[in-house]
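What follows is the residue order along each chain.
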Amino acid sequence: MTDLASSHPQVPGPLPAPRAAWELLIRAERRSPSHVEQLLLHPQVGTWLSRCLRRLRGVTEETADEVPLWLETAYLHTVAASAALLAGIDFRIAVGVRDGGVMLPALGFLDLAGRDSAVAEIVADGVAGRAVRAGSHTVPLPSDLTRETGGWRPLRRLHGRHPVHPCSPYLDDLDPYRDFLRPTAPRRLSQPEARRWQEHFDSAWSLVAGQSNVDPAGVADCLISVVPVRYPARAEPFSASSPESYGCVLLNPPADAATLAASLIHEAQHVKLSALLDLVPLIRGGMEEIHYAPWRVDPRPLRGLLHGTYAFLGVTAFWRAHRHAVADETTPAAEFEFALRRSQTFHGLRTLRAHAELTGLGDRFLRGLEDTLTPWLNEPVPDGPLRAAEDLNLDHRLLHRLHHLRPDPGRTGQWAQAWRVGRPPPDALPATTLRASRTAVAARAALIRLRLRDPAGFDQLREKPEERPLDGMDAPLDADLRWAAGDTAAALDGYRDRLAAHPDDLPAWSGLALTLPTGPAREALRGCPEVVLAVHRALRDPSLGGPDPVALAHWIGSRR
């Protein structure tokens, strides 16, 4: 990276050459190699390095909102400064000012209080002390860099307390590279927000560390940095990790300790598998996004399925143990999550077995997953949570097909013509192709989770849905609420009304399939929903609309 930056015409800008930062880093390593190694493995350093290399090599296109390239490469200078501070050596180095201050990776952010300066200087002297200077403005750095003083904002830590398996990742709300999806300005959590994160994390960690189905020490090793974000959660709690940012986990504010514990395990599984895949190949090829993933509506490559299967095996293991550990109102929710996740993991494994070209180690790896999951598939789950999991798995598959499977237009036209002239439907279904498209997410999964986890809250939502929107969604539609409450007849009427007003409402088509009584219409909408939708679209008239969806589905379902 240093060689690339040194030869780039936009670097170093107003700073010393990258070589100066590299030499300071070497000095720090000679004094304290362990500190420098830990710093270079800090997740945000990995995120920055990957992003910076892509820009230096011209792999990514420049956008108007990106910082200048010299300022992006200048993160190296702050890495060197952090290393020198950790090593305790005297030094002086110029660094770039970004977002109104200077971020010292793995240490904290120095707020320069609006000083209009592109460059600052960090000085450490055994006699005069340590400070950051920007023009005539000087901000001293405290001797204890974990203590907040003046303009200095240290990185906080979360503490998961356990006598054998403690876990203390950073709670990073400062570093510009903390969100590996996009560079982000500092957004300091308030003290009450930080306390809530600490309370939830401590409770969640006690659940992780207290069970034998997962390896808490391994999970702790994979959690170096927790980054609070606020992305739309939709039907699932949002969490994310990246192989370029080993040990970093993005998380939405947690709803409860058990959900947070499952998310931590889920992302730790991703982190572990990313590290393993860097060392040994488990699968050949598998980069085409053509396969159904039970946990995502969009098509996924086989490598993505491998990641998801391994991650959700860990989540299944957690809920399997947790459902036996609780004996309160949250038990149905835990039973539901166990049933849902074991089914998703099973279908992921089945797809991998059918389509993946595994290496010898990959086959051994998959056999290990199968040996773990197989006994769990026959464990009993109460009828209510089990039916809810089965319904949502069906809903998920239907939405995937409605969004991404396209029947052959010529054959679809023949079906539409047969309907127009009153003939029976053709015997053979039109062939389909997969075409990935933008997806609409139904509220039903979030509503089921709310009903099982918080029945009183669900009842309040039913009474006044407009006052209590779900996280990441507008107020849920009445038909979805009725379905989640078990009133399928009323939900069916609601979905028919929605389709009369909006015939391309795909979650309503799936809802129709979930609520129709046994018969040809239900068989068609559950067996070939994309054909029913395609024929309906072919029959629509701009002024008169289309045929009744249930009547059309009944006609298609009555074919020989």
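Right, let's walk through the structure included here. Just so it is clear, the structure is predicted and the values come from calculations on it, not from any experiment. (Residues numbered from 1 in each chain as written. Predicted model: local features only at pLDDT ≥ 70, side-chain atom pairs only at ≥ 80, totals over all residues. Heavy atoms only, no water.)

The next thing to look at is the overall build of the protein. Within the protein, the secondary structure is distributed over 22 helices and 18 strands. When the backbone C-alpha atoms are referred to their principal axes, the protein occupies close to 95 × 55 × 55 Å. Evaluated residue by residue, the protein yields a buried proportion of 53% over its 560 residues. Contacts in the protein between residues at least 24 apart in sequence constitute 66% of all its contacts with a sequence separation of at least 6. Put simply, the protein shows about 25,200 Å² of open surface, and 51% of that area lies on carbon and sulfur atoms. Positive and negative side-chain charges of the protein, numbering 64 and 67 respectively, have mean locations separated by a distance of 2 Å. (Helix = DSSP H or I, 4+ residues; strand = E, 2+ residues; numbered from the N terminus. Buried < 20%, exposed > 50% of the residue type's maximum accessible area, 1.4 Å probe, protein only. Contact = heavy atoms within 4.5 Å. Areas by Shrake-Rupley, 256 points an atom, 1.4 Å probe, with all protein chains shown as cover. Lys, Arg positive; Asp, Glu negative; His and termini not counted. Charge placed at Lys NZ, Arg CZ, Asp CG, Glu CD.)

Here we have four strands laid out as an open sheet, ordered β1-β4-β5-β6, and antiparallel in their pairing. Of all strands in the sheet, those bounded by a partner on one side alone are β1 (91–96) and β6 (137–140). Taking the axes of each pair of neighbouring strands and ignoring which way they run, one obtains an average angle of 20° across the sheet. Relative to strand β5 (residues 129–134), strand β4 (residues 119–125) runs antiparallel, the two being bridged by five bridges. Residue pairing for β5: Val123 is matched across the bridge by Ala131. Running over the sheet, helix α6 (residues 75–87) touches β1, β4 and β5 and is turned about 150° from β1. (Pairing = 2+ DSSP bridges. Axes fitted to C-alpha atoms, helices over the stretch in contact; angles between N-to-C directions.)

The subject of this paragraph is unusual backbone geometry. A cis geometry characterises the amide bond from Val11 onward to Pro12, with omega recorded as 15°. Within the secondary structure layout, Pro12 lies in the loop between α1 (2–6) and α2 (18–31). Positive phi, normally seen in glycine, also occurs at Ala106, with a value near 70°. Examined against the element boundaries, Ala106 turns out to sit in the loop between β2 (101–104) and β3 (108–111). On the basis of relative accessible area, Ala106 is assigned to the buried category, the value being 12%.

What follows covers the packing of aromatic side chains. What the rule picks out here adds up to nine aromatic pairs. Ring pairs connect the aromatic residues Trp48, Tyr75 and Tyr177, which therefore count as one cluster. The ring centre of Tyr170 lies 4.0 Å from the NZ or CZ of Arg157, which sits over that ring. (Phe/Tyr/Trp six-rings, centres within 6.5 Å; stacked < 30°, edge-to-face > 60°. Lys NZ or Arg CZ within 6 Å of the ring centre and 35° of its normal.)

With that settled, the discussion passes to the nonpolar core. Generally speaking, nonpolar side chains in soluble globular proteins are found buried as a group. Judged by nonpolar contacts, the single largest core of 103 residues is most densely connected at Trp205, Trp509, Leu512 and Ile556. Per element, the largest residue contribution to this core is 10 residues, and it comes from helix α10 (residues 302–325). Non-local contacts of Ile556, meaning those with residues more than four positions away in its chain, are made with Trp415, Pro425, Ala524, Cys528, Val531, Val532 and Val535. (Core = buried A, V, L, I, M, F, W, Y, C linked by side-chain atoms within 4.5 Å.)

On to the packing of helix α9 (residues 257–279) against α10. The contact between α9 and α10 brings their axes to 8 Å, and the two run at 145°. For α9 against α10, the interelement crossing comes out right-handed. Residues Ala258, Thr259, Ala261, Ala262, Ile265, His266, Gln269, His270, Lys272, Leu273, Ser274 and Leu277 of α9 touch α10, and the partners they reach there are Leu306, His307, Gly308, Tyr310, Ala311, Phe312, Gly314, Val315, Phe318, Trp319 and His322. When its residues are assigned to classes, the contact of α9 with α10 shows 13 nonpolar, nine polar and one charged. (Left-handed = near helix turned anticlockwise from the far one by under 90°. Nonpolar A, V, L, I, M, F, W, Y, C, P; charged D, E, K, R; others polar.)

For the rest of this paragraph, the subject is the environment of Thr259. Relative to the elements of secondary structure, Thr259 occurs in helix α9. The class for Thr259 is buried, based on a relative accessible area of 18%. Considered as a pair, Thr259 and Tyr310 are 51 residues apart in the sequence and their alpha carbons are 18 Å apart.

Moving on, we get to the pairing of β5. If you look at the hairpin formed by β4 and β5, you'll find three residues sitting between the two strands. When β5 meets β6, the two strands line up antiparallel, connected through four bridges. From the neighbouring strand, Arg133 faces β6, where its bridge partner is Thr138. In this antiparallel pair of consecutive strands, β5 and β6, the connection spans two residues, and Gly135 shows a positive phi of 65°.

Another point: the packing of helix α11 (residues 331–355) against helix α15 (residues 444–453). Where α11 meets α15, the closest approach of the two axes is 8 Å, and the angle between their N-to-C directions is 145°. Taking contact as the criterion, the partners of Pro332, Ala333, Phe336, Glu337, Leu340 and Arg341 in α11 are, on α15, Ile448, Arg449, Leu452 and Arg453. Looking at side-chain class alone, the contact of α11 with α15 contains six nonpolar, no polar and four charged residues.

Here we take up the sheet that holds strand β10 (residues 225–228). Read across the sheet, five strands follow the order β8-β9-β10-β12-β11 without closing on themselves; strand pairing throughout is mixed. On the outer flanks of this sheet lie β8 (156–157) and β11 (239–240), each paired with one strand and no other.

Let us look at a negative patch on the surface. The grouping of Asp328, Glu329, Asp454, Asp459 and Glu463 at the surface amounts to a negative patch. Within the secondary structure layout, Glu463 lies in helix α16 (residues 455–463). For Glu463, a relative accessible area of 63% translates into the label exposed. (Patch = residues over 30% accessible without salt bridge, like charges linked within 9 Å, V, L, I, M, F, W, Y side chains within 5 Å. Salt bridge = Lys/Arg side-chain N within 4 Å of Asp/Glu carboxyl O.)

Below, the discussion takes up the pattern of salt bridges. Applying the stated criterion to the full structure yields 32 salt bridges. Between Arg284 and Glu357 there is a salt bridge; the shortest N-O distance is 3.9 Å. Taken as a pair, Arg284 in strand β13 (residues 283–284) and Glu357 in strand β16 (residues 357–358) lie far apart in primary sequence, 73 residues in all. On the basis of relative accessibility, which here comes to 44%, the residue Arg284 falls in the partly exposed class. Using a relative accessible area of 47% as the deciding quantity, one classes Glu357 as partly exposed. A single salt-bridge network, built from bridges that share partners, covers Glu148, Arg153, Arg156, Asp173 and Arg188.

With 13 residues, helix α14 (residues 409–421) ought to run about 18 Å at 1.5 Å a step, and its terminal C-alpha atoms sit 19 Å apart, in line with that. Against β17 (405–407), α21 (529–539) and α22 (549–557) lie the buried residues of α14. Its side-chain oxygen at 3.3 Å from the backbone nitrogen of Gly410, Asp408 defines the N-terminal cap of α14. Looking one or two residues beyond α14, the residue adopting positive phi is Gly422, at roughly 80°. (Expected span 1.5 Å × (residues − 1). Polar contact = N/O pair within 3.5 Å; in protein donor to acceptor, adjacent residues only side chain to side chain.)

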